[in-house]
Amino acid sequence: MLDTLLIDATPRWLIGQAVAFLALALCIAGFANKDDNKLLLILIAANVAFAAQFALLGSWVSAGITCIVITRIVLARRYHRNLFIMAALLAATIGVTIVGWQDWKDAPASIAGILGTVGMFAFRGSIMRWWLFVAAFFWVLSNVAIGSLGGILAESLVMTTNIITIWRIEMDKRRLALQAD
């Protein structure tokens, strides 16, 4: 990544970095919000910024999959466990990967898209968040591959937030179980 910082500091690359930091700020604003509907809207805006960032940095598979993620966020909430919609989004993710494939740097975004789709449609609670944690890890790898500092920080924030939320959910389950006894 250091070679990217030193060699690829073109205006387009700098704008891509700035957009990535905008996405980071939107992620922070979203996760800090207790209102699920506001979180959803802010995460959609963050993913629009991520798609722009990936396009500016020349990662077309990541940009395309991020557009699918925007659709997934909306559909998964309304059509949870709808296998037809999940399969359509998985097929779209694989299709974008095949059409836009440039090299190995495209693999992490594809894996992240698949894991996130399965996680959001098939699960809820802690299990869904574990799937999203692993998907975020692959988004980190995708951002490392293209040298996006804001993207690395944003996805690391998503991972950290998921771990904290998983812990809180599990602690609530234990408290409820103790109260029931």
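Before any of the text, the structure's been laid out above.
These numbers come from a predicted model, not from an experiment. Within each chain, residue numbers correspond to sequence positions counted from 1 in written order. Owing to the predicted nature of the model, reporting of local features is limited to residues with pLDDT of at least 70; listing and counting of side-chain atom pairs is limited to 80 or more, with chain, interface and lining totals taken over all residues. Values reported for side chains reflect all heavy atoms of the structure, with hydrogen atoms and water molecules removed beforehand.

The subject of this paragraph is the overall build of the chain. The way it works is that DSSP assigns letters per residue, a run of H or I at least four long becomes a helix, a run of E at least two long becomes a strand, and they are numbered from the N terminus. A tally of helices and strands in the chain yields 8 helices and 0 strands. If you list the helices and strands of the chain from N to C, you get α-α-α-α-α-α-α-α. Our radius of gyration looks at C-alpha atoms and nothing else; its globule reference is 2.2 Å times the residue count to the power 0.38. Over its C-alpha atoms the chain spans a radius of gyration of 17 Å, differing by no more than 12% from the 16 Å that the globule rule assigns to 181 residues. By principal-axis analysis of the C-alpha atoms, the chain measures approximately 65 × 30 × 25 Å. Partly exposed residues are those whose accessible area sits between 20% and 50% of the maximum for their type, while under 20% is buried and over 50% is exposed, using a 1.4 Å probe and protein chains only. Relative to its full complement of 181 residues, the chain shows a buried share of 46%. Put simply, of all contacts in the chain between residues at least 6 apart along the chain, 69% involve residues at least 24 apart. For this analysis, residues touch if any pair of their heavy atoms sits within 4.5 Å.

Turning next to the pattern of salt bridges. Put simply, a salt bridge is a Lys or Arg side-chain nitrogen that is within 4 Å of an Asp or Glu carboxyl oxygen. As enumerated under the stated definition, the model contains 2 salt bridges in all. Salt-bridge contacts for Lys-173 lead to Glu-170; the nearest nitrogen and oxygen are separated by 3.3 Å. Here Glu-170 and Lys-173 lie together in helix α8 (residues 149-180), a separation of 3 residues that amounts to about one turn. Residue classification places Lys-173 among the partly exposed positions, given a relative accessible area of 47%.

The next thing to look at is the nonpolar core. Throughout this description, the term nonpolar core refers to a set of buried Ala, Val, Leu, Ile, Met, Phe, Trp, Tyr and Cys residues connected via side-chain atoms within 4.5 Å. Formed by 29 residues in total, the largest nonpolar core has its most connected members in Phe-50, Phe-54, Ile-65, Ile-73 and Trp-139. For this core, the secondary-structure elements that each account for two or more residues are α2 (11-32), α3 (36-56), α4 (60-78), α6 (107-122) and α7 (125-146). Ranked by the residues each element gives to this core, the list is headed by α3, at 9 residues. In this structure, Trp-139 is in contact with Phe-54, Ser-62, Ile-65, Thr-66, Val-69, Ala-109, Ala-112 and Glu-155, ignoring residues within four places of it in sequence. By size, the runner-up hydrophobic cluster in this structure holds 12 residues, among which are Met-86, Leu-90, Met-120 and Leu-132.

Attention now goes to α8. Given 3.6 residues to a turn, an α-helix orients residues that are three or four positions apart in the same direction. Here the expected span of a helix is defined as 1.5 Å times the quantity of residues minus one. Over its 32 residues, α8 extends 47 Å from the first C-alpha to the last, a length consistent with the 46 Å expected when each residue adds 1.5 Å. For α8, the full list of buried residues reads Gly-150, Gly-151, Ile-152, Ala-154, Glu-155, Val-158, Met-159, Thr-161, Asn-162, Thr-165 and Ile-166. In the analysis that follows, any N or O atom pair within 3.5 Å is treated as a polar contact, provided that within protein one partner can donate a hydrogen and the other can accept it, and provided that, for residues neighboring in sequence, both atoms belong to side chains. Here α8 starts with a cap whose side-chain oxygen sits 3.1 Å from the backbone nitrogen of Gly-151, and that cap is Ser-148.

The next subject is the layout of surface pockets. Roughly 1200 Å³ of internal volume is contained in the largest pocket. What lines the largest pocket is a set of 39 residues, among which Phe-31, Leu-39, Leu-43, Leu-132 and Asn-162 lie closest to the centre. Secondary-structure elements contributing two or more residues to the lining of the largest pocket are α2, α3, α4, α6, α7 and α8. Element by element, the count of residues in the lining of the largest pocket is highest for α8, at 10 residues. The definitions used throughout rest on a 1 Å grid laid over the protein atoms alone, on which a cavity is an enclosed set of points accommodating a 1.4 Å probe that cannot get out and a pocket is an open set flanked by protein within 12 Å on both sides along at least five of seven lines; lining residues are those having an atom within 4 Å of a point. Grid points are joined across faces, edges and corners, and a volume is the space filled by probe spheres set on the points.

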